[in-house]
Amino acid sequence: MCSGRVDLDFILRAFSNGQDGVFIGGCNLGECNYVTHGNFDALANTYLAKKVLEHIGLNPERLRIQFMSGADGNLLAEYTDDFSKKIKELGPLGKSEGLDKNQVKFNLEAARKLVPYMRLVERERLRVPVKSKQAYTEFFESQDVDRLFNDIFSDKLAISQIMMLLEKKSLSTSDIAEKLGLNSSDVSRHMINSSRQGFVRYDTASNCYALA
Amino acid sequence: MKTDIIVGAIILSSGITPFDPSAREEYGYTKYQNVVTSMDYERLLSSTGPYEGEVLRISNKKHPKKIAWIQCVGSRRVTEGDNSYCSGVCCTYTQKQVILTKHHYEDVECTIFHNDIRSFGKDFERFFQRAEQLPGVEFIRSYASIEKEIPETQNVVVRYATADDGVKSKEFDMVVLSVGLNPPKAYKEISEKFGIELNAHGFAKSDSSNPIQTSRPGIFVSGAFQGPTDIPESVFTASGAGSQIGELLDYRRGKLAKERIYPEERDVSAEAPKIGVFVCHCGANISSVVNVPATVEYVSTLPNVVYAKEQIFSCATNSAREITDLAIEKGFNRVVIAACSPRTLEPLFRDTLREAGLNQYYLDMANIREQCSWVHAKQKDEATQKAQDIIRMSVARASQLEPLQEFDLPVDKAALVVGGGIGGMTCALSIANQGHEVYLIEKNKDLGGMARRLHTTLEGLDVQTYLDDVIHQVYQHPLIHVSHEATIKKVAGYLGNFTTTVETEGRVKEIKHGASVLAIGADEYKPTEYLYEESDQVFTHLELEEEIAKGNETVLNAESLVMIQCVGCRNEDRNYCSRVCCSHAVKNALALKEKTPEMRIYVLFRDMRTYGFREDAYREASEQGVQFIRYTPEDAPQVEAVKEGGKDVLRVLVPDLILGQRLELDADILSLAAAVIPAESTHEIARHFKVTLSPDEFFKEAHVKLKPVEFATDGVFLCGTAHYPKHIPETINQAYGAAGRVLTLLSHDTVIASGSVCIVNEYDCVSCGACITACSYGAIEFKDTPKGKKAWVNPVLCKGDGVCNAKCPTNAIALKHFTNEELGSQIDAAITHEDIIGQMNAVFEEA
């Protein structure tokens, strides 16, 4: 198994379970144990996951990837110590971010549902043509990618959150807006789109939306 | 009882004996308690050693705060009872001991009294730098002896001398004598019994054209009985001795082998998981840190665990047997071994499952040694907690494991050898002599490689005569097919079944073969320094050798000749030692002295690295008046072309570190020890064969010590200078070693492919092709199914990296043995039971 097998979902799953930090170890970039150079995929996934964390208000430094060879036991120890120190500083998940634990879990679960979608986006729009650490860093830290990510991710996350709320019970647009801290016009837009796509239906009697 | 065993060949691997310093007054060994040998110290560092891995002074059982190492004890000396040769391994093992010591005890001061630092092995230069850069570590270039013991403290005073400060004394809590390697104790008896000759040092005598062969046909030698050697050389000479015996006895191969019969596999797929857990003490490696009994008790409470037990060494034969027996008796259907990294012992434990009639993929190993006890020696409670966490995760995964089937792949019996130098040809001949077709690919018009430019070796081999003979043998061999002026266009296939497309002399052909050997050699660095290519008086050592062989009058009649070592390596661009240049300088110097005794020869060096028996030649050159002058890279020699007394000379300026003045040497000829650099084609060949490179861009072997002729890529092997610079006899050793490994593959009719490959669930596949793009092995393709085109994995090509899994938007592709269910359950189990309950409570509160 290659570090490229480390799924976006694994990372979010660990955080959703309440882990305060996630560390990914991979072979040195450019020195692949296979021929796949899947460690670059791990790097891309890490950047993506960091953006997701940031988007839902979590400190992206809770996720770290480091590269080393099989002979670098000392480095692994060093990196782990340093990361543990950082996580201790940050404290329990959500705490230093000032977020409620259940809210964090709710948001992470909503984000997990978007993993299949993020894989498609990664494939189509977040491909880095050159396999070098510099190219990956420049690409994922560019404002263009940030904008692209926000454009496509914030709406999808909101919809995912709404679906999770509706799983429990039917809600009105204003209920949803209040629970998620969104403005009602955005919620209305999402509800109209989702209803067009046949995911939700509007119950005129109660003025509430329910899952279709 | 006396038994006669009739055999066709014999291998002597009688190893070495550490030098015993007790006879030498100046070291006080056995007289002073706190003077130990490096072998003793190795035991102190070992967790199965006298103090369970704690380094303690014998006198008061306290941790030493100041430790000194004295290098070259028993080596590089011509005094009676000492060895004149260099033992070759002590510099680096000392650095290892220093690094380990500093790792255990950060505040210990380590001082190393040394002569030359001989970091000539692969990656050794970097290793030395790592040791040297540690805080509180000092390397002092000086001979040293033990002056006295201080009676009150039993501390030891070391006497040494440096160029700056003269003679000094320093007190240490402990002194380690870095003892050299002696021939095996019973070497005389061995030589008489087996009728083989020994060399002057008591090691097996051999010819440098085949160092594995003793003076008596049919008797071979492997390992350090050839001469002082490190582990990788021991491993490949062992494999090489096997190959040479194969050449003699191939017709009897497999005659004594018995097929292993396993009990029939029990189908447990319908049963609920019943897990047996074995927690290993690893002697004291684990149990000195982790509380094993408490861990066993905890593990017993985990879901699906029906049995848990501790073992002193789970890998011991009786323990493995116990696992098998208990699995049958208690009816487990899954086993977790909490011990070391799966890297070494997973095959062994899989075997114990097969012996119990269980599918071998029902095993999981929890690494509580490398990833726990070894790194948390000082935090015992936390380490115990962590061990329990690791095992809990492993148990969770084990519950999800599925039985997998491995499959047999047929093996094509031919080999492809890339590179027609000494390494490639020797390897090709050894393979062909065991009845296998060999396709030998050479990029040039002629065979011979770098050896075409070499004429003698320090051991006295006439290289050109030898080379002609080998080339002749290659062309005469009915099973060897040589392609000249060949380039590799494409390599397809896998272990046992490669198809390589080669363009040779204008034609393109496809070669089918089961194994590949990469012996593409190395290149010579073209110096940009010291007026090379600007003055016709400047040569490289290789060019100088050629000029000497040609009888170039200007060179042979030179009054003064200067050699500069380490040109183009041991620097920022190439952070390695080219290994051969010091001996090359000495060889050229001796050849010149023989022809023109009055020639003044100066060798400007950083560390003379004439390891092993080559030390004798260094001494000989010194005795013949060759002057060796040390320089440091910070104050490297400077060269300018000037006219002196009407003739063109090269004026070399170099500081004399001993006399503290600047020397001005006027040279008629300047010879540069140009680095050995990776062959130009290295990257291209690596890409074709999907093999990796080391930081210095030589080929990277599968394991630096234990698998020195294999790549991590199955079915591809390496030898010669493409691996790292080396001398001809070393290349020959390694070439036979590679042949031996090739034969272990080609002598089988089939190879076993791992069951951990990807599989597509056609129902979930949306035919997006994401997995196909992600696969570097071309293992996935679309296949027509009744439901339309769906991705399909060719299990033979799949190498199990699983990158495709993380790309599939519908989770339709799964890497067996590392499925989402298996890994997900492991991730979930990383949270403790208490945490889960806490979270559940929180949910209830909310509801």
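Undergrad: What's the story with the overall build of chain B in this structure? I'm lost.
TA: Summing up its helical and strand segments, chain B has 21 helices and 40 strands in all. The C-alpha radius of gyration of chain B comes to 31 Å, within 12% of the 29 Å expected for a compact globule of 847 residues. In terms of its C-alpha atoms, chain B occupies a principal-axis envelope of roughly 100 × 80 × 70 Å. A buried classification covers 56% of the 847 residues belonging to chain B. If you take every contact in chain B between residues at least 6 apart in sequence, the share linking residues at least 24 apart comes to 69%. Placing the 89 positive and 117 negative side-chain charges of chain B at their respective mean positions leaves the two points 2 Å apart.

Undergrad: Sorry, what's going on with the nonpolar core here?
TA: Soluble, globular proteins show a tendency: their nonpolar side chains are buried together. Counting 136 residues, the largest nonpolar core has L108(A), I431(B), V517(B) and I813(B) as its most contacted members. A per-element tally of this core places helix α7 (residues 143-168) of chain A first, with eleven residues. With residues up to four places along the chain from it excluded, the contact list for I431(B) reads A415(B), V417(B), H436(B), V438(B), V517(B), A739(B), V742(B) and L743(B). Judged by nonpolar contacts, the second largest core, of 44 residues, contains A308(B), A327(B), F349(B) and M365(B).

Undergrad: Explanation requested: the domain arrangement of chain B in the structure shown.
TA: Interfaces are often sized by the amount of accessible area the parts lose when they come together. Residue and element names in this part refer to chain B. Each assigned domain of chain B is listed with its residue range as follows: domain 1 (10-14 + 184-229), domain 2 (21-182), domain 3 (275-402), domain 4 (415-521 + 679-747), domain 5 (525-675) and domain 6 (758-815). Domain 2 and domain 5 are separated by 33 Å when their C-alpha centres are compared. Counting from both sides, the interface comprises 18 residues of domain 2 and, opposite them, 20 residues of domain 5. Both sides of the domain 2 and domain 5 interface together cover about 1,600 Å² of buried area, and 44% of this is carbon and sulfur. The interface formed by domain 2 and domain 5 holds five salt bridges in total.

Undergrad: Just to check I follow, could you spell out the pattern of salt bridges for this structure?
TA: Note that side chains of opposite charge can pair when their charged atoms are close. Residue and element names in this part refer to chain B. This structure, assessed with the given rule, holds 69 salt bridges over all chains. One salt bridge connects D607 with R141, and the closest N-O pair in it is separated by 2.9 Å. Remark: R141 occurs in strand β6 (residues 137-141) and D607 occurs in the loop between β28 (600-605) and α16 (614-623); sequence separation between them is 466 residues. Two residues, D616 and R619, come together in a salt bridge whose shortest N-O distance is 3.2 Å. Pair noted here: D616 and R619 are both in helix α16, with a separation of three residues, about one helical turn. Using a relative accessible area of 16% as the deciding quantity, one classes R619 as buried.

Undergrad: Would you mind going over the domain arrangement of chain A with me for this structure?
TA: Residue and element names in this part refer to chain A. Parsing chain A into structural domains produces domain 1 (3-168) and domain 2 (169-212). Look at where the C-alpha atoms of domain 1 and domain 2 centre, and you get two points 30 Å apart. Tallying the contact residues gives eleven residues for domain 1 and 16 residues for domain 2. In total, about 1,100 Å² of surface goes out of reach between domain 1 and domain 2, with carbon and sulfur atoms giving 76% of it. The largest per-residue losses of area from domain 1 upon contact with domain 2 belong to I162, L165 and L166, which jointly make up 50% of the total buried on that side.

Undergrad: I tried to follow the sheet that holds strand β4 (residues 66-73) of chain B on my own but got confused; where do I start?
TA: Strand pairing in a sheet is mediated by backbone hydrogen bonds. Such pairs are either parallel or antiparallel. Residue and element names in this part refer to chain B. With parallel pairing, five strands are arranged side by side in an open sheet as β3-β10-β4-β5-β6. Edge positions in the sheet fall to β3 (35-37) and β6, since each has one partner strand and no second. When the angles between neighbouring strand axes are averaged without regard to direction, this sheet yields 20°. As defined by bridge partners, β3 adjoins strand β10 (residues 174-179) across three bridges and the pair is classed as parallel. Looking at β10, one finds that T37 is bridged to L177. Sitting on the sheet, helix α2 (residues 90-104) touches β4, β5 (109-114), β6 and β10, and the angle it makes with β4 is about 170°.

Undergrad: Looking at this structure, how should I read the packing of aromatic side chains?
TA: We describe a pair of aromatic rings using the distance from one ring centre to the other and the angle between the two ring planes. Under the criterion given, the structure shown has 24 aromatic pairs over all chains. Arranged with centres 5.1 Å apart and planes meeting at 45°, the rings of F40(A) and Y136(A) form a pair that is tilted. Taken together, the residues span a long stretch of sequence, with F40(A) in helix α2 (residues 38-55) and Y136(A) in helix α6 (residues 133-140) at a distance of 96 residues. A relative accessible area of 3% places F40(A) in the buried class. Both rings, one in F113(B) and one in F172(B), keep their centres 6.0 Å apart while their planes meet at 90°; by these two values the pair is edge-to-face.

Undergrad: In this structure, what is going on with the side chain of T426(B)? I would like to understand it.
TA: Residues and elements named next belong to chain B. Looking at the secondary structure, you find T426 in helix α11 (residues 422-432). According to the relative accessible area criterion, T426 is buried, its value standing at 5%. Ignoring sequence-local partners within four residues, the contact set of T426 consists of Y466, I732, A735 and Y736.

Undergrad: What is the right way to look at the sheet that holds strand β14 (residues 305-311) of chain B in this model?
TA: All names here are of chain B. One open sheet holds the four strands; their spatial order is β14-β13-β15-β16, and the pairing between them is parallel. At either end of the open sheet lies a strand with only one pairing partner, and these are β14 and β16 (363-367). The mean inter-strand angle of the sheet, taken between neighbouring strand axes irrespective of direction, is 15°. Where strand β13 (residues 275-280) lies against β14, six bridges are found, and the strand directions are parallel. Bridged to F278 within β14 is K309. With respect to the sheet, helix α7 (residues 317-330) is in contact with β13, β14 and β15 (334-339), its orientation differing from that of β14 by roughly 160°.

Undergrad: Sorry if this is basic, but what is going on with unusual backbone geometry here?
TA: Phi is mostly negative for residues that are not glycine, and the peptide bonds are mostly trans. All names here are of chain B. Positive phi, normally seen in glycine, also occurs at L531, with a value near 60°. In this fold, L531 is placed in the loop between β25 (522-524) and β26 (538-540). Backbone geometry places H817, a non-glycine residue, at a positive phi of 80°. Assignment of secondary structure puts H817 in the loop between β40 (813-815) and α20 (820-829). Judged by relative accessible area, H817 falls into the buried class, the value being 4%.

Undergrad: So what exactly am I meant to see when it comes to the interface of chain B and chain A here?
TA: Counting residues at the interface gives 37 residues for chain B and 31 residues for chain A. Remark: the boundary between chain B and chain A carries three salt bridges. Among the ionic pairs, E122(A) bridges to K807(B), the shortest N-O distance being 3.4 Å. Across the chain B-chain A interface, the total number found is 13 residue pairs in polar contact (both at pLDDT 80 or more). Contributions of two or more residues to the side of chain B that touches chain A are made by α19 (770-774), α20 and α21 (833-846) of chain B.

Undergrad: Quick question: what am I supposed to make of the state of the cysteines here?
TA: One covalent bond between the sulfur atoms of two cysteine residues makes up a disulfide. All names here are of chain B. Under the criterion given, the structure shown has zero disulfides over all chains. Free of any disulfide, C282 has its nearest neighbouring cysteine sulfur in C280, separated by 5.1 Å. Counting only cysteine sulfurs, C808 is the nearest neighbor of C768, a cysteine outside any disulfide, at a range of 6.0 Å.

Undergrad: What is the right way to look at the side chain of Q19(A) in this model?
TA: Structurally, Q19(A) can be placed in the loop between α1 (8-16) and β1 (22-26). Taking relative accessible area as the criterion, Q19(A) reaches 19% and is therefore assigned buried. In this structure Q19(A) touches A14(A), L93(A), I827(B), A830(B) and I831(B), once residues within four positions along its chain are discounted.

Undergrad: Looking at this structure, how should I read the packing of α1(A) against α2(A)?
TA: Residues and elements named next belong to chain A. At a minimum axis separation of 9 Å, α1 and α2 run at an interaxial angle of 40°. Taken together, the axes of α1 and α2 lie oblique to each other. Taken as a pair, α1 and α2 cross one another with a handedness that is right-handed. Contact residues: L8, I11, L12 and F15 in α1; N45, L48, A49, V52 and L53 in α2.

Undergrad: What should I look at first to understand the environment of G420(B) in this one?
TA: All names here are of chain B. By secondary structure assignment, the location of G420 is in the loop between β18 (415-418) and α11. Taking the C-alpha atoms as reference points, G420 and F711, 291 residues apart in sequence, are found 20 Å from one another. Contacts of G420, omitting those with residues within four sequence positions, involve M425, L440, I441, E442, L447, G448 and G449.

Rules behind the numbers
Residues numbered from 1 in each chain as written. Chains lettered and ligands numbered in written order. Predicted model: local features only at pLDDT ≥ 70, side-chain atom pairs only at ≥ 80, totals over all residues. Heavy atoms only, no water. Helix = DSSP H or I, 4+ residues; strand = E, 2+ residues; numbered from the N terminus. Rg over C-alpha atoms; globule rule 2.2 N^0.38 Å. Buried < 20%, exposed > 50% of the residue type's maximum accessible area, 1.4 Å probe, protein only. Contact = heavy atoms within 4.5 Å. Lys, Arg positive; Asp, Glu negative; His and termini not counted. Charge placed at Lys NZ, Arg CZ, Asp CG, Glu CD. Core = buried A, V, L, I, M, F, W, Y, C linked by side-chain atoms within 4.5 Å. Domains from an automatic or database assignment. Buried area = accessible area lost by both parts, 1.4 Å probe. Salt bridge = Lys/Arg side-chain N within 4 Å of Asp/Glu carboxyl O. Pairing = 2+ DSSP bridges. Axes fitted to C-alpha atoms, helices over the stretch in contact; angles between N-to-C directions. Phe/Tyr/Trp six-rings, centres within 6.5 Å; stacked < 30°, edge-to-face > 60°. Polar contact = N/O pair within 3.5 Å; in protein donor to acceptor, adjacent residues only side chain to side chain. Disulfide = S-S within 2.5 Å. Parallel < 35°, antiparallel > 145°, perpendicular 65-115°, else oblique. Left-handed = near helix turned anticlockwise from the far one by under 90°.

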